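These are the residues of each chain, in order.
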Amino acid sequence: MTLELAIRLTEILLGISLVQQSIEHLQLHKLLRVLYLFRIILALLLIIGLQVYWVSIFLLLLAVFILHRFQGPYNGGADRMSLLVLCCVCLYYFAPSKYWQEIAFAYLAIQLLLSYFISGWVKLINSDWRNGRALRDVFQFSAYPVSESIRTWSESPRLLFLMSWSIILFELLLPMLIMSEITLAIALVIAACFHFVNACIFGLNRFFWAWIAAYPSVLWLQLRLFTNS
Amino acid sequence: MLKTIKLLLPALLPSWRFFDTIGPSPRIQYALLRSENDSSQQWYEFRPRSKHVSFGQMLTRMVWNPNWNESLFLTSCAERLRENATFHSENEIMRCIIADFKAHLLSSNQEDANFIQFRLLFIERQKNKFEHNVTFYSQLKELPKREFSDS
């Protein structure tokens, strides 16, 4: 995968993510409707690849305005990842040379890998995660489960223990699978399924779209590091 | 400019410590009051979760989930209020409660109410026991007039 193709795929996936987020805001914030309509138009231009240089700058300015409006990210990690992807796309277009373009895009790939590894590490060093208690808490009383029936999963400690260790090991191992194209592809499919499940049971749909927008960067980095030599 | 950098920095240098510890979890509760001195408050949970969500609904929510995402934002506002009370977070929560009141979406429908107040109840586990602590009471807010359909 060439750098240009990976950037184009990132732009398309980021555009889809931004359209999805903005359409939801059209219903919620009547006063901000014009702003989100403008963002949808810009995101569509990003998807079709028209004037991407200017479009990405305008999208970044809008993102800063939205950060001020909500005094921080509206949807925590999902908004932060979207913003990170957008910043890296902007940096790619602003970079003075191919070398710096690669640095900007590699930074996105490294942050994506870190997003899994650090999440796994902080769980591994927490005894509540190792014995399944933390995940039980998530289901039992956190604000995330989408229904009361999903809360009842907290009554299955053996299942939660297995789930906890599956999550910890998967998050820790994912960055190491970058060594091979095939293992990385498999890992990213599993990661996308993981985000899909999170979206279903915790309603974190924006995370799914935001994270997969960063996947082309790591696919490109894998080829850049281990194939092009 | 400093504020912009402060807002942008966590996206450019993220911590990625998702669910490292499961801290106190907020519930937003509201009370409808007849007058400012009404002490007969009965607290109701704001947007209680559904009993069951079907797989079909989950699939739809992959692309269209505005109310849940708004509720997650309000959870963030509640957590921010616990850390440091700000007018912005209080205002955002109140704005959503009043929007639901106007749309007849609140579970309590006390017709003679003139004021509304919300509070934040935090649930946390201490060893094997659950603790419920109320950490914040909002200012009272006068309720707007609602339109009623003929049906």
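**Some points on the side chain of Ser25 of chain B**
For step 1, the next point in the chain: Assignment of secondary structure puts Ser25 of chain B in strand S1 (residues 25–33).
For step 2, the next point in the chain: For Ser25 of chain B, a relative accessible area of 4% corresponds to the buried category.
For step 3, the next point in the chain: Setting aside anything within four residues of it in sequence, one finds Ser25 of chain B in contact with Phe141, Ser142 and Ala143 of chain A together with Leu121, Phe122 and Ile123 of chain B.

**Some details on the interface of chain B and chain A**
For an interface, size is often stated in terms of accessible area lost upon the parts coming together.
For step 1, the next point in the chain: On the chain A side, the residues contacting the 50 residues of chain B number 61 residues.
For step 2, the next point in the chain: Each partner contributes to the roughly 5100 Å² buried at the junction of chain B and chain A, and carbon and sulfur atoms together form 61% of this total.
For step 3, the next point in the chain: Inspection of the region where chain B meets chain A yields three salt bridges.
For step 4, the next point in the chain: Here Arg125 of chain B makes a salt bridge to Asp137 of chain A, at a shortest N to O gap of 2.8 Å.

**Topic: a nonpolar patch on the surface**
All names here are of chain A.
For step 1, the next point in the chain: A surface patch of nonpolar side chains, about 630 Å² in accessible area, is lined by Phe38, Tyr53, Trp54, Phe58, Leu61 and Phe94.
For step 2, the next point in the chain: Of all the elements, helix H3 (residues 52–69) adds the most residues to the nonpolar patch, at four residues.
For step 3, the next point in the chain: A relative accessible area of 48% means that Trp54 is categorised as partly exposed.

**Brief notes about the environment of Ile5 of chain B**
For step 1, the next point in the chain: Inspection of the secondary structure puts Ile5 of chain B in helix H1 (residues 2–12).
For step 2, the next point in the chain: Considered as a pair, Ile5 of chain B and Phe18 of chain B are 13 residues apart in the sequence and their alpha carbons are 22 Å apart.

**Let's talk about the packing of aromatic side chains**
For step 1, the next point in the chain: Under the definition given, this model contains 27 aromatic pairs over all chains.
For step 2, the next point in the chain: Pairing Tyr53 of chain A with Phe94 of chain A gives two aromatic rings, centres 5.3 Å apart and planes at 40°, and the pair type is tilted. Of this pair, Tyr53 of chain A sits in helix H3 while Phe94 of chain A sits in helix H4 (residues 76–94), placing them 41 residues apart in sequence.
For step 3, the next point in the chain: By relative accessible area, Tyr53 of chain A is classed as partly exposed at 31%.
For step 4, the next point in the chain: Here the aromatic residues Phe139, Tyr144, Trp153 and Phe202 of chain A together with Phe19 of chain B are joined through ring pairs into a cluster of three or more.
For step 5, the next point in the chain: Lying across the ring of Trp129 of chain A, Lys123 of chain A places its NZ or CZ 5.2 Å from the centre.

**Description of the confidence of the model for chain B**
For step 1, the next point in the chain: Residues at a pLDDT of 70 or more form 96% of chain B, whose mean pLDDT is 91.
For step 2, the next point in the chain: Per-element confidence in chain B ranges from a low mean pLDDT of 91 for H1 of chain B to a high of 97 for helix H2 (residues 55–61) of chain B.

**Describing the pairing of strand S4 (residues 129–137) of chain B**
Residues and elements named next belong to chain B.
For step 1, the next point in the chain: As judged from the eight bridges shared by strand S3 (residues 115–126) and S4, these two strands associate in the antiparallel manner. Bridged to Glu124 within S4 is Glu131.
For step 2, the next point in the chain: In sequence, S3 turns back onto S4 through a hairpin of two residues, with Lys127 there showing a positive phi of about 55°.

**As for the nonpolar core**
For step 1, the next point in the chain: Counting 111 residues, the largest nonpolar core has Met81 of chain A together with Ile93, Ile97, Ile116, Phe118 and Leu120 of chain B as the members making the most contacts within it.
For step 2, the next point in the chain: Contacts of Phe118 of chain B, omitting those with residues within four sequence positions, involve Ile28, Gln29, Tyr30, Trp43, Leu81, Glu90, Ile93, Met94, Ile97, Phe136, Tyr137 and Ser138 of chain B.

**Some points on the packing of helix H1 (residues 3–28) of chain A against H4 of chain A**
Residues and elements named next belong to chain A.
For step 1, the next point in the chain: Where H1 meets H4, the closest approach of the two axes is 10 Å, and the angle between their N-to-C directions is 140°. When the interaxial angle is binned, H1 and H4 end up oblique. The way H1 lies across H4 gives a crossing that is left-handed. Where H1 approaches H4, its residues Leu3, Glu4, Ile7, Thr10, Glu11, Leu14, Ser17, Leu18 and Gln21 are matched on the opposing element by Asp79, Ser82, Val85, Leu86, Val89, Tyr92 and Tyr93.
For step 2, the next point in the chain: For the contact of H1 with H4, the class distribution of residues is nine nonpolar, four polar and three charged.

So, how was this worked out
Residues numbered from 1 in each chain as written. Chains lettered and ligands numbered in written order. Predicted model: local features only at pLDDT ≥ 70, side-chain atom pairs only at ≥ 80, totals over all residues. Heavy atoms only, no water. Helix = DSSP H or I, 4+ residues; strand = E, 2+ residues; numbered from the N terminus. Buried < 20%, exposed > 50% of the residue type's maximum accessible area, 1.4 Å probe, protein only. Contact = heavy atoms within 4.5 Å. Buried area = accessible area lost by both parts, 1.4 Å probe. Salt bridge = Lys/Arg side-chain N within 4 Å of Asp/Glu carboxyl O. Patch = residues over 30% accessible without salt bridge, like charges linked within 9 Å, V, L, I, M, F, W, Y side chains within 5 Å. Areas by Shrake-Rupley, 256 points an atom, 1.4 Å probe, with all protein chains shown as cover. Phe/Tyr/Trp six-rings, centres within 6.5 Å; stacked < 30°, edge-to-face > 60°. Lys NZ or Arg CZ within 6 Å of the ring centre and 35° of its normal. pLDDT = per-residue confidence, 0-100. Pairing = 2+ DSSP bridges. Core = buried A, V, L, I, M, F, W, Y, C linked by side-chain atoms within 4.5 Å. Axes fitted to C-alpha atoms, helices over the stretch in contact; angles between N-to-C directions. Parallel < 35°, antiparallel > 145°, perpendicular 65-115°, else oblique. Left-handed = near helix turned anticlockwise from the far one by under 90°. Nonpolar A, V, L, I, M, F, W, Y, C, P; charged D, E, K, R; others polar.

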